[in-house]
Amino acid sequence: MSLSMLSPTETTQIVQIITNIDEKNKKVPFLTDLEKHPIFGQFFIDLDHDQKQEVEVIINGYIKSKIEGLSTKWWEFFRRFYKLNQDDFRLFRDLNKNESDINTEDFQVLWRELQQELFKYENMLTQNMGKRWYGLDKVVSAFYDIVHSFFPRFSFVD
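One structure accompanies this document, and this report is about it.

Rules behind the numbers
- Residues numbered from 1 in each chain as written.
- Predicted model: local features only at pLDDT ≥ 70, side-chain atom pairs only at ≥ 80, totals over all residues.
- Heavy atoms only, no water.
- Helix = DSSP H or I, 4+ residues; strand = E, 2+ residues; numbered from the N terminus.
- Buried < 20%, exposed > 50% of the residue type's maximum accessible area, 1.4 Å probe, protein only.
- Arc of directions from axis to C-beta.
- Contact = heavy atoms within 4.5 Å.
- Phe/Tyr/Trp six-rings, centres within 6.5 Å; stacked < 30°, edge-to-face > 60°.
- Patch = residues over 30% accessible without salt bridge, like charges linked within 9 Å, V, L, I, M, F, W, Y side chains within 5 Å.
- Areas by Shrake-Rupley, 256 points an atom, 1.4 Å probe, with all protein chains shown as cover.
- Salt bridge = Lys/Arg side-chain N within 4 Å of Asp/Glu carboxyl O.

The next point concerns the overall build of the protein. Helix and strand counts for the protein come out as eight helices and zero strands. Secondary structure elements of the protein occur, N-terminal to C-terminal, as α-α-α-α-α-α-α-α. When the backbone C-alpha atoms are referred to their principal axes, the protein occupies close to 55 × 35 × 30 Å. The proportion of buried residues among the 158 residues of the protein is 42%.

The following block contains the structure:
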């Protein structure tokens, strides 16, 4: 066992910080976001490599529990998307960390593939809402708010 392991108290506090940022900004933070936090940033900057890897695991665990824990219709569709595209989800989330990755071929190609998958779920969602057209725009907007919370740079596809 590594001596650099985070304590249970630190882990709990990190989850709380992630939760607070997500609730306030409607975005699941990256480690780089945590390092820029005005109050706790220095804590994250000072972590050693292994501890930073633990924080990445904590963030990924938060993502998984968030996706699996919510049950609105749009979350159900997003959960299906996530379960069928987990590897690409993680890879594209990694590519969303840095703005400099936006113009890379990997970002653009992977996003186009994921975007096509999301369109399938959006279509299913809108078909399910077909009888209730009056709330359709809110439902589609809520679906893409979810997408944006995990992929803050998803709208940068050429």
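Moving on, we get to helix α6 (residues 86-95). Turn by turn, an α-helix covers 3.6 residues, leaving residues three or four places apart pointing in a common direction. Among the residues of α6, those classed as buried are Phe-89, Phe-92, Arg-93 and Leu-95. What you see down the axis of α6 is that its buried residues fit within an arc of 155°, all on one side. Each element contacted by the buried residues of α6 is listed here: α4 (49-69), α5 (73-84), α7 (105-128) and α8 (136-150).

In this model, Lys-26 sits at a positive phi of 55°, which is unusual for a non-glycine residue. By the element assignment, Lys-26 lies in the loop between α1 (8-25) and α2 (31-35).

Our next topic: the environment of Asn-98. Structurally, Asn-98 is set in the loop between α6 and α7. In the structure, Asn-98 is positioned 66 residues away from Thr-32 in sequence and 8.8 Å away in space, judged by C-alpha atoms.

Each aromatic ring pair is described using two quantities: the centre-to-centre distance and the angle formed by the ring planes. The tally for this structure, following the rule as stated, stands at 19 aromatic pairs. Note on Phe-78 and Phe-89: the rings are 6.2 Å apart at their centroids and 70° apart in plane angle, and the pair reads as edge-to-face. Placement of the pair is Phe-78 in helix α5 and Phe-89 in helix α6, with a sequence separation of eleven residues.

Let us now look at a nonpolar patch on the surface. Among the surface-exposed residues, Ile-39, Phe-40 and Phe-43 lie close enough to one another that they form a single nonpolar patch of about 290 Å² accessible area. Along the polypeptide, Phe-40 turns up in the loop between α2 and α3 (41-45). Here Phe-40 falls in the partly exposed class, since its relative accessible area comes to 37%.

Moving on, we come to the pattern of salt bridges. In total, this model carries seven salt bridges according to the counting rule given. Close ionic contact of Lys-27 with Asp-33 constitutes a salt bridge, the shortest N to O distance being 3.0 Å. The partner of Asp-87 in a salt bridge is Arg-90, and the shortest N-O contact between them spans 3.5 Å. Here Asp-87 and its partner Arg-90 are both found in helix α6, three residues apart, which amounts to about one turn of the helix. Here Arg-90 falls in the partly exposed class, since its relative accessible area comes to 36%. Three or more residues are tied together by salt bridges with common partners; here these are Glu-56, Asp-94 and Lys-97.

None of this, on its own, says anything about what the molecule does.
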